[in-house]
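# Results of the structural survey
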Amino acid sequence: MSAPQAEPGPEGAGGKRRPHGMLKLYYGLPDPSGEALAGPARGDLGGPTDINGPHFDPEVFLTKLRKECPLAQLMDCETDMVKQIRSLDSDMQTLVYENYNKFISATDTIRKMKNDFKKMEDEMDCLAANMAVITEFSASISSTLQDQHEQITKLSGVHALLRKLQFLFELPARLTKCVEMEAYGQAVRYYSKARSILHQYQHMPSFRGIQDDCQKIMADLAQKLREKFRDGGSCAKDLAECVELLLQLGEPAEELCDEFLSHACCRLEAELQALEAELGEGQLATPATDILEFTDRGCNNFVSNMCLVIASYQALFVSREGAREIASMAHDKLVAFVDGLMERYFALVERRIHLERGVGDNSLLVRALDRFHRRLQALVKLLPASRSAAEGTEIVVRAAKERIRQYLQALQSFYLDCLTDVRQSLAAPRLMGKDSPNLAELLGTISASILNQIKSVLTYVHLFTAKDITFSNKPYFKGEFCSQGVREGLIVSFIKSICQTARQFCESTGDKGGSTPPTLLLLLSRLCLDYETSTISYILTLTDEQFLVQDHSPFTPVTGLCAEAREAAQKLLNHYVKVQGLVISQMLRKSVETRDWITTIEPRNVRAVMKRVVEDATSIDVQVGLLYEEGVRKAQSSDSSKRTFSVYSSSRQQSRYAPSYTPSAPMDTNLLSNIQKLFSERIDIFSPAEFNKVSVLTGIIKISLKTFLECVRLRTFGRFGLQQIQVDCYYLQLYLWRFVSDENLVHFLLDEIVGSTAHRCLDPVPMEQSVIEVICERG
């Protein structure tokens with residue numbers, strides 16, 4: 001009979017009917033979808049019209065339908081119910097067919113269980129009968145042997161005692177045989193088992209003899225174990241067995257510890273001596289091997305062997321169970337032993353580090369320190385109580401500090417070498433009669449060289465903080481190394497040394513300042529000024545970016561360094577003005593002091609020294625213009641030469657010097673001169689120069705003309721001497737006014753020179769202005 005095909009159930013508003021959904025409704029199970037029948041077939045929940053409820057009444061339900069629903073709805077309800085009935089029948093048949101095999105299997109299992117339980121009941125009955133027979137036999141045996149139980153127990157004790165005595169009497173022979181077979185562990189176990197009994201009955205002669213023989217045999221065994229313990233070729237397992245047996249034989253643990261460490265010390269001492277011999281060869285010259293090879297040899301030999309010794313020692317003495325006091329004593333001895341040898345090894349490492357004097361790429365040094373530090377971490381994991389980790393880190397820190405110091409010295413030496421090269425570049429053209437080199441190019445070369453050297457040094461030092469370096473995560477290398485080491489100790493110190501070296505060139509004449517070329521002073525002043533404006537900020541920004549400083553210790557501010565650089569630039573520029581002014585002043589002073597101004601001849605041309613002064617001023621103007629901007633000048637007159645001429649015009653000179661020609665009025669002339677000075681503007685000869693060409697030339701010319709004035713005041717002049725001074729001053733006025741910021745300053749100083757000469761002239765007859773002009777034009 002074929003199963004009827006299940007018709008598809010009605011579809012709800014949300015999709016197809018869930019499998020077995022109607023079957024669950026039929027049996028009153030909750031529908032997980034939560035969907036309910038819609039329409040009048042549903043009825044009141046739980047009431048007699050609820051077709052799915054327990055109190056469903058068909059008559060009431062039909063009556064309600066006939067009353068409430070029209071015919072069309074009744075037909076729809078009938079159709080819906082027919083579909084649901086068919087669906088339930090289909091689901092029922094499907095459920096039966098799907099579980100048919102399970103029903104058959106369950107039936108077979110129940111039938112088989114009935115048969116098995118029947119057999120089990122028969123076996124249990126047989127077992128109960130056998131247990132009854134055994135109980136009966138046991139009771140019979142107990143009643144039979146009850147009278148002889150005590151006697152049997154006594155005989156058993158005597159038998160055990162006889163076996164022990166037999167063991168004692170055979171013990172020397174057994175021990176001897178174990179020793180011959182090298183079964184040392186078995187011999188120690190035999191002796192340990194009998195030692196307390198022999199000691200207890202040692203007052204009896206027979207037992208005393210056995211004890212003496214056993215002690216002699218065990219003494220020989222202990223000697224053999226000690227020899228095996230001292231043998232360097234024994235493996236770790238044999239050593240552990242030797243120590244265990246010796247401790248069981250009562251050997252002092254402290255002596256065993258000392259013996260083990262003494263034996264290990266001999267091998268480690270040999271490694272240290274090999275390293276020291278290698279260092280001894282390289283003390284006076286370049287080391288035979290680089291520091292990386294030296295570190296590898298020390299780590300692979302000495303440190304590795306030290307780790308093996310620590311591991312073996314701890315396994316033998318420290319990690320033994322049930323011997324806490326021995327472990328504590330052994331641990332203290334091990335720590336002292338390791339710290340002592342490691343201290344010597346650290347001293348050798350530091351000696352080798354100090355031999356690294358090269359200031360180039362230090363990648364080998366950093367890699368060597370990294371391997372050294374990495375190997376120490378393995379040792380510290382084996383022995384945390386050792387001071388090796390802290391001391392090793394201190395060695396690395398000291399090496400980094402020393403490296404920074406060396407790099408600072410290298411930068412300072414490089415800077416001094418650059419200055420030496422500049423000196424040679426400035427001196428060579430003069431010696432060979434060639435033109436001086438371009439100062440702007442020299443400045444660019446020295447600035448670029450110093451900056452590139454700083455960048456190279458920063459790159460070398462940055463290796464200490466690389467991520468793949470083990471010690472870079474230490475607090476020192478994250479904080480103090482970056483801030484106080486690199487930034488302050490290296491970069492800031494170098495910048496300060498540049499400023500300090502620059503200030504040393506401003507010392508008094510006779511020291512460095514006297515032998516320093518003025519051009520070098522000018523070049524250094526511009527270098528310091530460039531550092532103040534941009535270079536210092538750039539270098540410190542670059543340093544802070546490469547070394548992310550996590551330290552909050554006080555820094556040297558950028559503004560402070562810039563102020564120091566500007567101060568050095570100002571001192572250098574002032575000193576340059578002073579030196580150049582003194583050079584020109586020296587020429588003027590000699591030209592005044594070496595000439596007889598009373599008997600001199602009538603002037604026919606400008607003195608050569610005045611031409612040299614103009615030439616030097618022109619040369620300085622070109623020189624300064626290569627490094628500094630022009631600067632600001634006051635508004636010039638329409639014709640400076642004509643204005644200068646008016647100062648020395650005969651009418652003005654006559655009105656100025658006429659009173660002095662009459663002997664009756666000397667006091668009036670002095671009075672007029674002093675009154676004029678009161679209302680004239682005071683000139684500060686040695687005022688600080690500004691960072692521009694006009695200010696520098698103004699300072700040099702002020703010093704030169706002031707010197708000229710003071711030299712004139714110390715001399716006495718004749719008529720032609722006064723006229724020569726007139727010619728010289730007019731010539732200077734023709735050319736010097738264009739170099740200064742205010743031409744009135746030149747007018748005033750030259751006017752003072754001519755006026756002072758006239759006051760010290762025995763026959764103050766001035767030269768005609770037209771004649772002066774002709775002489776100067778011809779000159």
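Residues numbered from 1 in each chain as written. Predicted model: local features only at pLDDT ≥ 70, side-chain atom pairs only at ≥ 80, totals over all residues. Heavy atoms only, no water.

### Here's the deal with the overall build of the protein chain
- Each helix and strand counted, the protein chain has 27 helices and zero strands in total.
- Buried positions account for 40% of the 779 residues belonging to the protein chain.
- Nonlocal contacts in the protein chain, meaning residues at least 24 apart in sequence, comprise 79% of its contacts between residues at least 6 apart. (Helix = DSSP H or I, 4+ residues; strand = E, 2+ residues; numbered from the N terminus. Buried < 20%, exposed > 50% of the residue type's maximum accessible area, 1.4 Å probe, protein only. Contact = heavy atoms within 4.5 Å.)

### Brief notes about the nonpolar core
- Membership of the largest hydrophobic core comes to 183 residues, with the highest contact counts inside it found for M306, Y345, F481 and F708.
- Here M306 is in contact with L268, F337, V338, L341, M342 and L379, once residues within four sequence places are set aside. (Core = buried A, V, L, I, M, F, W, Y, C linked by side-chain atoms within 4.5 Å.)

### Comments concerning the packing of aromatic side chains
- Under the defined criterion, the tally for this structure stands at 17 aromatic pairs.
- Ring geometry for Y345 versus F372: centroids 6.1 Å apart, planes at 40 degrees, classification tilted. Taken together, the residues Y345 in helix α11 (residues 324-354) and F372 in helix α12 (residues 363-382) connect sequence positions 27 residues apart. In terms of burial, Y345 and F372 fall into one category: buried.
- For the pair Y415 and F494, a centre-to-centre distance of 6.4 Å together with 90 degrees between the ring planes defines the contact as edge-to-face. Here Y415, found in helix α13 (residues 388-432), pairs with F494, found in helix α16 (residues 480-504); they are 79 residues apart in sequence, far enough to count as distant.
- Put simply, the rings of F464, F471, Y476, F477 and F481 pair up and form one aromatic cluster.
- Positioned above the aromatic ring of W597, the side-chain terminus of R595 is 5.3 Å from the ring centre. (Phe/Tyr/Trp six-rings, centres within 6.5 Å; stacked < 30°, edge-to-face > 60°. Lys NZ or Arg CZ within 6 Å of the ring centre and 35° of its normal.)

### With respect to the environment of L443
- In this fold, L443 is placed in helix α14 (residues 439-462).
- A C-alpha to C-alpha distance of 10.0 Å links L443 and D530, two positions 87 residues apart in sequence.

### Quick look at the packing of α14 against helix α18 (residues 518-546)
- The geometry of α14 relative to α18 is characterised by a closest axis approach of 10 Å and an angle of 30 degrees between their N-to-C directions. Between α14 and α18, the crossing angle belongs to the class labelled roughly parallel. Remark: the crossing between α14 and α18 carries right-handed chirality. In this structure, α14 uses L439, L442, L443, S447, I450, L451, I454, K455, L458, T459 and H462 to contact α18, whose residues at the interface are T519, L522, L523, R526, L527, D530, Y531, Y538, I539, L542, T543 and Q546.
- Taken together, the residues of the contact of α14 with α18 sort by class into 14 nonpolar, six polar and three charged. (Axes fitted to C-alpha atoms, helices over the stretch in contact; angles between N-to-C directions. Parallel < 35°, antiparallel > 145°, perpendicular 65-115°, else oblique. Left-handed = near helix turned anticlockwise from the far one by under 90°. Nonpolar A, V, L, I, M, F, W, Y, C, P; charged D, E, K, R; others polar.)

### Re a negative patch on the surface
- Together, E121, D122, E123 and D125 make up a negatively charged patch on the protein surface.
- In this structure E121 comes out as exposed when scored by relative accessible area, which is 51%. (Patch = residues over 30% accessible without salt bridge, like charges linked within 9 Å, V, L, I, M, F, W, Y side chains within 5 Å. Areas by Shrake-Rupley, 256 points an atom, 1.4 Å probe, with all protein chains shown as cover. Salt bridge = Lys/Arg side-chain N within 4 Å of Asp/Glu carboxyl O. Lys, Arg positive; Asp, Glu negative; His and termini not counted. Charge placed at Lys NZ, Arg CZ, Asp CG, Glu CD.)

### Focus: the packing of helix α25 (residues 719-736) against helix α27 (residues 769-778)
- The N-to-C vectors of α25 and α27 enclose an angle of 65 degrees; their axes lie 10 Å apart at closest approach. Of the two elements, α25 crosses α27, and the hand of that crossing is right-handed. Within the contact between the two elements, α25 uses Q726, V727, Y730, Y731 and L734 and α27 uses Q769, I772, E773, I775 and C776.
- Broken down by class, the residue content of the contact of α25 with α27 amounts to seven nonpolar, two polar and one charged.

### Thoughts on the side chain of H747
- Following the sequence through the fold, H747 ends up in helix α26 (residues 743-759).
- Here Q733 takes part through its side chain, which lies 2.8 Å from a polar atom of the side chain of H747. (Polar contact = N/O pair within 3.5 Å; in protein donor to acceptor, adjacent residues only side chain to side chain.)

### Focus: the pattern of salt bridges
- With the rule as written, the count across this model stands at 29 salt bridges.
- R503 is paired through a salt bridge with E564; the nearest N and O atoms lie 3.6 Å apart. Remark: E564 occurs in helix α19 (residues 558-593) and R503 occurs in helix α16; sequence separation between them is 61 residues.
- Residue classification places R503 among the partly exposed residues on the basis of a relative accessible area of 25%.
- Members of the salt-bridge network, linked through shared partners, are K706, E710, R713 and E752.

### Examining the confidence of the model for the protein chain
- When pLDDT is averaged along the protein chain, the result is 78, and 79% of the positions lie at 70 or above.
- Within the protein chain, the lowest mean pLDDT, 34, falls on helix α22 (residues 650-661), and the highest, 91, falls on α19.
- Of the regions scoring below 50 in pLDDT, residues 31-41 engages in 19 contacts with residues more than four places distant in sequence or in other chains.
- Low pLDDT, under 50, characterises residues 640-669; the stretch is placed with 50 contacts to residues that sit more than four places away or in other chains. (pLDDT = per-residue confidence, 0-100.)

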